[in-house]
Amino acid sequence: MAKKARTPAPPRKVQAPQRRVDQRRQRTAEERRTLWTSVAFAASGVAAIGIVAALFFAFGRGSGSGAPAPVDMSKLAGLQTGPAPWNAGADYLPDRMQPLGLTEIGAEGQGVVFHIHAHVDIFVNGKKKPVPANVGIYNTTGGFLTELHTHDASGIIHIESPTRRKFSLGEFFGVWGVRLTSTCVGGYCKPQTPWRTYVNGAPYAGDPSKLVLIKHQEVAIVVGKPPKKIPSSYAFGRL
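Residues numbered from 1 in each chain as written. Predicted model: local features only at pLDDT ≥ 70, side-chain atom pairs only at ≥ 80, totals over all residues. Heavy atoms only, no water.

S.K.: Just give me the short version of the pairing of strand S7 (residues 156-161), but keep the residues and values in it.
M.R.: By the criterion of burial, S7 is predominantly enclosed, with 6 of the 6 residues buried. Neither face of S7 is open: one carries Ile 156, His 158 and Glu 160, the other Ile 157, Ile 159 and Ser 161, and all of them are buried. As paired elements, strand S2 (residues 114-124) and S7 share 6 bridges and run antiparallel to each other. Its bridge partner lying in S7, Ala 118 is registered against Ile 157. Relative to S7, strand S6 (residues 148-149) is paired through 2 bridges, and the arrangement is antiparallel. Looking at the pairing, Leu 148 lines up with Ile 159 of S7. (Buried < 20%, exposed > 50% of the residue type's maximum accessible area, 1.4 Å probe, protein only. Helix = DSSP H or I, 4+ residues; strand = E, 2+ residues; numbered from the N terminus. Pairing = 2+ DSSP bridges.)

S.K.: Hey, could you go over helix H2 (residues 93-100) for me, with residue numbers and the actual values?
M.R.: Here H2 has its buried residues at Leu 93, Arg 96, Met 97 and Leu 100. All buried residues of H2 fall inside an arc of 120 degrees around its axis, so they share one side. Following H2 by one or two positions, Gly 101 adopts a phi angle in the positive range, close to 70 degrees. (Arc of directions from axis to C-beta.)

S.K.: Please provide a residue-by-residue account of the state of the cysteines, values included.
M.R.: Note on terminology: disulfide describes a covalent bond linking the sulfur atoms of two cysteines. All chains considered together, the criterion is met by 1 disulfide. Each sulfur in the disulfide pair Cys 184 and Cys 189 lies 2.0 Å from the other. An S-S torsion of about 115 degrees defines the bridge between Cys 184 and Cys 189 as right-handed. Here the two residues Cys 184 and Cys 189 agree in accessibility, since each one is buried. (Disulfide = S-S within 2.5 Å.)

S.K.: Account for the sheet that holds strand S1 (residues 104-105), with residues named and values stated.
M.R.: Taken in spatial order, the 3 strands line up as S1-S5-S4 in an open sheet, and their pairing is antiparallel. Every interior strand has two partners, whereas the edge strands, S1 and strand S4 (137-138), have only one. Pairing of S4 with strand S5 (residues 144-146), which is carried by 2 bridges, proceeds in the antiparallel orientation. Note on S5: the bridge partner recorded for Tyr 138 is Phe 144. Set on the sheet, H2 makes contact with S1, S4 and S5; between it and S5 the angle comes to about 40 degrees. (Contact = heavy atoms within 4.5 Å. Axes fitted to C-alpha atoms, helices over the stretch in contact; angles between N-to-C directions.)

S.K.: Please give an account of the pairing of strand S10 (residues 195-199) that cites residues and values.
M.R.: Of all 5 residues in S10, 4 are buried, a share of seventy percent or more. One ladder, built from 5 bridges, connects S10 with strand S12 (residues 218-223); its direction is antiparallel. Following the sheet pairing, Thr 197 is matched in S12 by Ile 221. Joining the antiparallel neighbours S10 and strand S11 (residues 202-204) is a turn of 2 residues, in which Asn 200 adopts a positive phi near 55 degrees.

S.K.: Describe the pattern of salt bridges, with residues and values.
M.R.: Applying the stated criterion across every chain yields a total of 2 salt bridges. Ionic pairing is found between Asp 121 and Lys 128, a salt bridge with its closest N-O pair at 3.0 Å. Of the residues examined, Asp 121 reaches a relative accessible area of 4% and is grouped as buried. A residue is classified by how much of its surface remains accessible, and Lys 128, at 53% relative accessible area, is exposed. We note a salt bridge from Glu 171 to Arg 165, for which the minimum N-O separation is 3.2 Å. Pair check on accessibility: Glu 171 and Arg 165 agree, each one buried. (Salt bridge = Lys/Arg side-chain N within 4 Å of Asp/Glu carboxyl O.)

Listed below in C-alpha cells is the structure:
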C-alpha cells in the first residue's frame, strides 16, 4: 500500500529580513544625523576661523599693520587745554610716553625701519598758529627722541620708528601735550567754538585723534573763521 503524501505545513511568516531592513534604515538615519552634525561642526569651525582672521586683519598689531591704539587724553600729564599758541610740551614728555605706548629712540635715524613725514597746520580765526620746534624731543640729561617729533616750526611731523606700524594724529598731539579729541583741540571745544579738520584740503568728518598719518599728508585744523584758502598739500622737498 502506497504511503500517503504528507501535506506540507503552511509557510511561516519570516520577520528577520524585515528587522534587518529596519536596522539598515535606522543605521542610515543615524549616519545621516552624524554626517550633518559633522558638516555643521566643520562649517562652524570654518566660520570661527574666518571671524578670527577678520578680527586679526582688522585689529591685529602683527607686523605693525593694525590701527593705532586710541589715545586716552585724560591719562596724559601736563596736557595743554588753553588757547593757541601751545609750547612744545617737553616738561612732562617722559611721563606721557607710557600712557601713549610710544618708544624712546636714540639719535636721529638710529635703528629706524619706518620713516615718513606729514604736515600739520593750525589756524585760529584765519590766522596761522605755530607748531613749535622740538615737539617730541627731550633735551635734558638722558634725553631722547620720540617716534613722532618736529625739528623746526615748519609743521613737518617726522615719524620714525624701529617697528613698522601706523601712527595717529592723536598720538602726535599726545606727544605735543595738546588736547585733541572728537570735540576739543586745546582750549577750543564744540559747540561753543566750532572747528574742523581737513585732510589734503578736504573736510574730514571722523575723529581727528584717530586719523592715521601717512606719507606727505597735509592736515589742517581750522578753529573759528577759516583762512582764505585751506591748504591741500605741502612742499616736502626731498623729505
